[in-house]
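# Examination of the molecular architecture
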Amino acid sequence: NIPYTVSCILGGVCPLLVWLLPVGAFTYIFAFLAGFGFAGAVAINMGRVPLLPLTKEISMEEIGTANGICNVGISLGGFLMPIIVAAIAEAISKTDGISFNAVFIICCVVFIATMLLAFMIPELGENGKLAKAARK
């Protein structure tokens, strides 16, 4: 879960820093790191699906369904999340329109909350507890 933690922190904090800091060299550095954070989080989530049989709760035959569910979640999140965040940001804005500071803060909080939820998922990598138990 350490690579996932790093990815979520980069994907949550770096876009917020890009928005809040004045335009300069750090803007591009944090934007670059944010891209790695987003891509890493999605890749790690997708890479966990084939390892789910290690949990003994899903069989090898159900991996396709699990991957489909993961893709639906990513698609719904990618479509609904901006709508929900924009509505919340507009509701808490003291001016007419959307507070973009609130948008980026909410997105950062959601990414960090996702990271914290991932700690409830057992480590599924080859060095994880479940993989070591399966080898024994």
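Below or above, wherever it landed, is the structure these notes cover. Computed from a predicted structure; not experimentally measured.

### Description of the packing of aromatic side chains
- A full pass over the atoms with the stated rule returns five aromatic pairs.
- Geometrically, the ring pair formed by Trp-19 and Phe-104 is stacked, given 5.0 Å between the ring centres and 10° between the ring planes. Pair noted here: Trp-19 is in helix α1 (residues 2-20) and Phe-104 is in helix α4 (residues 100-118), with a separation of 85 residues, a long-range link.
- Owing to a relative accessible area of 24%, Phe-104 belongs among the partly exposed residues under this scheme.
- Measuring from centroid to centroid gives 4.9 Å for Phe-32 and Phe-36, while their planes differ by 75°, and the two rings are edge-to-face.

### Looking at the nonpolar core
- The biggest cluster of nonpolar side chains holds six residues, and these are Tyr-4, Cys-8, Ala-41, Phe-111, Met-115 and Ala-118.
- Going through the elements one at a time, α1 and α4 are the ones with two or more residues in this core.
- Per-element accounting of this core gives the leading share, three residues, to α4.

### Some points on the side chain of Thr-5
- Within the element layout of this structure, Thr-5 appears in helix α1.
- We classify Thr-5 as buried; its relative accessible area is 16%.
- Excluding anything up to four places from it in sequence, Thr-5 contacts Met-115 and Phe-119.

### So, the packing of helix α2 (residues 25-48) against helix α3 (residues 63-92)
- Across the interface, α2 lies against α3 with an axial gap of 9 Å and an inter-helix angle of 155°. On the basis of their axis angle, the class for α2 and α3 is roughly antiparallel. Here α2 and α3 pass one another in a crossing that is right-handed. Between α2 and α3, the contacting residues are Val-42, Asn-45 and Met-46 on the first element and Asn-67, Cys-70, Asn-71 and Ile-74 on the second.
- Tallied by class, residues from the contact of α2 with α3 come to four nonpolar, three polar and no charged.

Rules used in this analysis
Residues numbered from 1 in each chain as written. Predicted model: local features only at pLDDT ≥ 70, side-chain atom pairs only at ≥ 80, totals over all residues. Heavy atoms only, no water. Phe/Tyr/Trp six-rings, centres within 6.5 Å; stacked < 30°, edge-to-face > 60°. Helix = DSSP H or I, 4+ residues; strand = E, 2+ residues; numbered from the N terminus. Buried < 20%, exposed > 50% of the residue type's maximum accessible area, 1.4 Å probe, protein only. Core = buried A, V, L, I, M, F, W, Y, C linked by side-chain atoms within 4.5 Å. Contact = heavy atoms within 4.5 Å. Axes fitted to C-alpha atoms, helices over the stretch in contact; angles between N-to-C directions. Parallel < 35°, antiparallel > 145°, perpendicular 65-115°, else oblique. Left-handed = near helix turned anticlockwise from the far one by under 90°. Nonpolar A, V, L, I, M, F, W, Y, C, P; charged D, E, K, R; others polar.

Coordinates in, geometry out; function isn't part of it.
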